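Listed below are the residues making up each chain.
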Amino acid sequence: MIVTIDGPAGSGKSAAALQVAARLGLPHLDTGAMYRAVALDALEEGILHDPDRIAQRCRLLSLEFDWSKTPAAILLNGRNVSDLIRQPEVTEITYVAADNPWVREELVRQQRLIGQKCGSLVTEGRDQGTIVFPQADFKFYLNAHPEERARRRIAQLQKKGNVDLDVDEVLEQILQRDMRDSSRAVGPLSRPKNAIDIDTTELSLEETVDAMISHIQTHAPAAKN
Ligand code: DC
């Protein structure tokens, strides 16, 4: 069974995807981590402004997940970069990977291979239900009002010890990321046609996960296991 979860930054899809995967006993694939890892590599190699080299390196890099950890750790050429890729400096430049059509082609290929190997999984990103797994058994599209998504982002950053935050600035960053994610030429963020919409603005994580699990359980007989 393939379950895809797409949606913009701060829609709650990562936390929900992890819990849905745990409740279904399936692996959880964080495809954003793959784009972040390719961008981290480009940053470390000093090739941020060279899309051809980023694409070339992407094809040669080893990107692996260590599924024994929850959430799965991501290994870039064998090195655990799970924390590094979440740093704001990397978030800011991840577009160099996400906007690069050759990188997308390669990562889509790798994501489909992971899907084939696992057989069943819960995968999250921007293009999982539209491009990568159009045949998925269940597709969810999560969204929330931008102000709420900014509030969540601030809470996340504060947890990491970041106290000096400007609400308007964080909201502006969220809106810019939305624009960038939905307007890219290849693999833009868009709602899969047959997706189940969940507006998480006023939902707790538990309520969001319950809604998804309940939908899957109600329709599961039609799904391949
Ligand atoms: O979900 P995230 O914030 O970790 O994603 C990081 C970036 O990668 C984000 O700007 C969108 C992009 N992304 C993408 O273009 N396609 C995906 N399938 C997943 C993420």
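Let me begin by describing the structure that accompanies this report. This structure is a prediction, so every number in the text was calculated from the model and none was measured.

Now for helix 8 (residues 146-159). Taking 1.5 Å per residue as the helical rise, helix 8 with its 14 residues ought to reach 20 Å, and the 20 Å between its terminal C-alpha atoms agrees with that figure. Glu148, Arg149, Ala150, Arg152, Ile154 and Leu157 are the residues of helix 8 that are buried. Taken together, the buried residues of helix 8 touch strand 7 (138-143) and helix 9 (167-183). Just past helix 8, the residue glycine 161 takes up positive phi, approximately 95°.

Quick look at the sheet that holds strand 5 (residues 79-80) now. Strand order in the open sheet formed by 3 strands is 3-4-5, and the pairing between neighbours is antiparallel. The sheet is open, and its two edges are formed by strand 3 (63-66) and strand 5, each paired on a single side. Taken strand by strand, helix 2 (residues 31-45) contacts strand 3, strand 4 (73-76) and strand 5, and its axis lies near 35° from that of strand 4.

As enumerated under the stated definition, the model contains 1 aromatic pair in all. When the ring of phenylalanine 65 is compared with that of tryptophan 67, the centres are 5.4 Å apart and the planes differ by 35°; the resulting orientation is tilted.

For the rest of this paragraph, the subject is the environment of glutamate 64. Mapped onto the elements, glutamate 64 comes out in strand 3. Residues glutamate 64 and methionine 34, spaced 30 residues apart in sequence, show a C-alpha to C-alpha distance of 8.9 Å. Setting aside its immediate chain neighbours within four residues, glutamate 64 contacts Ala73, Ile74 and Leu75.

Bringing unusual backbone geometry into the picture now. Threonine 70 connects to proline 71 through a cis peptide bond whose omega is -5°. Among the structural elements, proline 71 can be located in the loop between strand 3 and strand 4. Of note, asparagine 77 is a non-glycine position whose phi angle comes to about 50°, a positive value. Along the polypeptide, asparagine 77 turns up in the loop between strand 4 and strand 5. Asparagine 77 gets classed as partly exposed once you look at its relative accessible area, which sits at 48%.

Turning our attention to the pairing of strand 4. Here strand 4 shows a buried face lined by Ala73 and Leu75 and a second buried face lined by Ile74 and Leu76. Examined bridge by bridge, strand 3 and strand 4 share 4 bridges and lie antiparallel to one another. Within the sheet, the bridge partner assigned to glutamate 64 lies in strand 4 and is leucine 75. Both strand 4 and strand 5 contribute to a ladder of 2 bridges, which runs antiparallel.

Spatially, 2-6-1-7-8 is the arrangement adopted by the 5 strands of the open sheet, whose pairing is parallel. The open sheet has two edge strands with one neighbour each: strand 2 (28-30) and strand 8 (196-199). Strand-to-strand, the axes of this sheet are offset by a mean angle of 20°, without reference to chain direction. Here strand 1 (residues 2-6) pairs with strand 6 (residues 121-125) via 5 bridges, running parallel. Paired with aspartate 6 across the bridge in strand 6 is glycine 125. Seen against the sheet, helix 2 touches strand 2 and strand 6 and runs at an angle of roughly 35° to strand 2.

Cut-offs used in this document
- Residues numbered from 1 in each chain as written.
- Predicted model: local features only at pLDDT ≥ 70, side-chain atom pairs only at ≥ 80, totals over all residues.
- Heavy atoms only, no water.
- Helix = DSSP H or I, 4+ residues; strand = E, 2+ residues; numbered from the N terminus.
- Expected span 1.5 Å × (residues − 1).
- Buried < 20%, exposed > 50% of the residue type's maximum accessible area, 1.4 Å probe, protein only.
- Contact = heavy atoms within 4.5 Å.
- Pairing = 2+ DSSP bridges.
- Axes fitted to C-alpha atoms, helices over the stretch in contact; angles between N-to-C directions.
- Phe/Tyr/Trp six-rings, centres within 6.5 Å; stacked < 30°, edge-to-face > 60°.

Geometry only, nothing functional implied.
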